[in-house]
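Summary of the model geometry
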Amino acid sequence: QAQLVESGGGLVQAGGSLRLSCTASGHTFSFYRVGWFRQAPGVEREFVAAIRFTDSRTYYSDSMKGRGTISRDNSKKTVYLDMTSLEPEDTAVYYCGAGSPTSLYSDYRGYNFWGQGTQVTVSI
């Protein structure tokens, strides 16, 4: 089985930066892409960013374009999400998931494995 664990969340001031990590273990050879999603109370899980493993192509939500960077370190089996210019609207639990090409990269229903999430809180 595959396992994903997120880390790096915390409390930051508006305008600050944060690096989130998603570390994989177990059987990960079938991973096609890894995505970051976030969820705030009362809303649907929202796509943030994704990286395709075949060629490392990256995808971003409109809100993350220009201030989010997703990257991959194969030696550490870790996917990172670097976020800058954080705003209170970015406050949410951030999850990483491993998915298949059976759906769009932005559709959380296409991701088969999920981590436990890491809380990001941006203060005013």
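Above this text you will find the structure in question.
Attention here is on the structure that accompanies the text. (Residues numbered from 1 in each chain as written. Predicted model: local features only at pLDDT ≥ 70, side-chain atom pairs only at ≥ 80, totals over all residues. Heavy atoms only, no water.)

With that settled, the discussion passes to the overall build of the chain. When helices and strands are counted, the chain shows 0 helices and 11 strands. Scanning the chain from its N terminus toward the C terminus, one meets helices and strands in the order β-β-β-β-β-β-β-β-β-β-β. Here the C-alpha atoms of the chain give a radius of gyration of 13 Å, agreeing with the 14 Å that 2.2 N^0.38 yields for 124 residues. A buried classification covers 45% of the 124 residues belonging to the chain. (Helix = DSSP H or I, 4+ residues; strand = E, 2+ residues; numbered from the N terminus. Rg over C-alpha atoms; globule rule 2.2 N^0.38 Å. Buried < 20%, exposed > 50% of the residue type's maximum accessible area, 1.4 Å probe, protein only.)

Enumeration over the complete set of coordinates arrives at 1 disulfide. The disulfide bridge from C22 ends at C96, spanning 2.1 Å between sulfur atoms. Taking the sign of the S-S torsion, about 70 degrees here, the bridge from C22 to C96 comes out right-handed. With a gap of 74 residues between them, C22 in strand β3 (residues 18-26) and C96 in strand β9 (residues 92-99) connect regions that are remote in the sequence. (Disulfide = S-S within 2.5 Å.)

What follows covers the environment of V34. Mapped onto the secondary structure, V34 falls in strand β4 (residues 33-39). Here V34 falls in the buried class, since its relative accessible area comes to 2%. With 24 residues separating them in the primary sequence, V34 and T58 have C-alpha atoms 9.8 Å apart. Ignoring sequence-local partners within four residues, the contact set of V34 consists of C22, A49, A50, I51, F53, I70, V79, C96, G97, A98 and Y111. (Contact = heavy atoms within 4.5 Å.)

To continue, consider the sheet that holds strand β7 (residues 68-73). One open sheet accounts for 4 strands, arranged β1-β3-β8-β7; its pairing is antiparallel. For this open sheet the edge positions go to β1 (2-7) and β7, each flanked by a neighbour on one side alone. Recorded for the sheet is a direction-independent mean angle of 15 degrees between the axes of neighbouring strands. Bridge analysis of β7 against strand β8 (residues 78-83) gives 6 bridges, and the strand direction is antiparallel. The residue of β8 that forms the bridge with S71 is Y80. (Pairing = 2+ DSSP bridges. Axes fitted to C-alpha atoms, helices over the stretch in contact; angles between N-to-C directions.)

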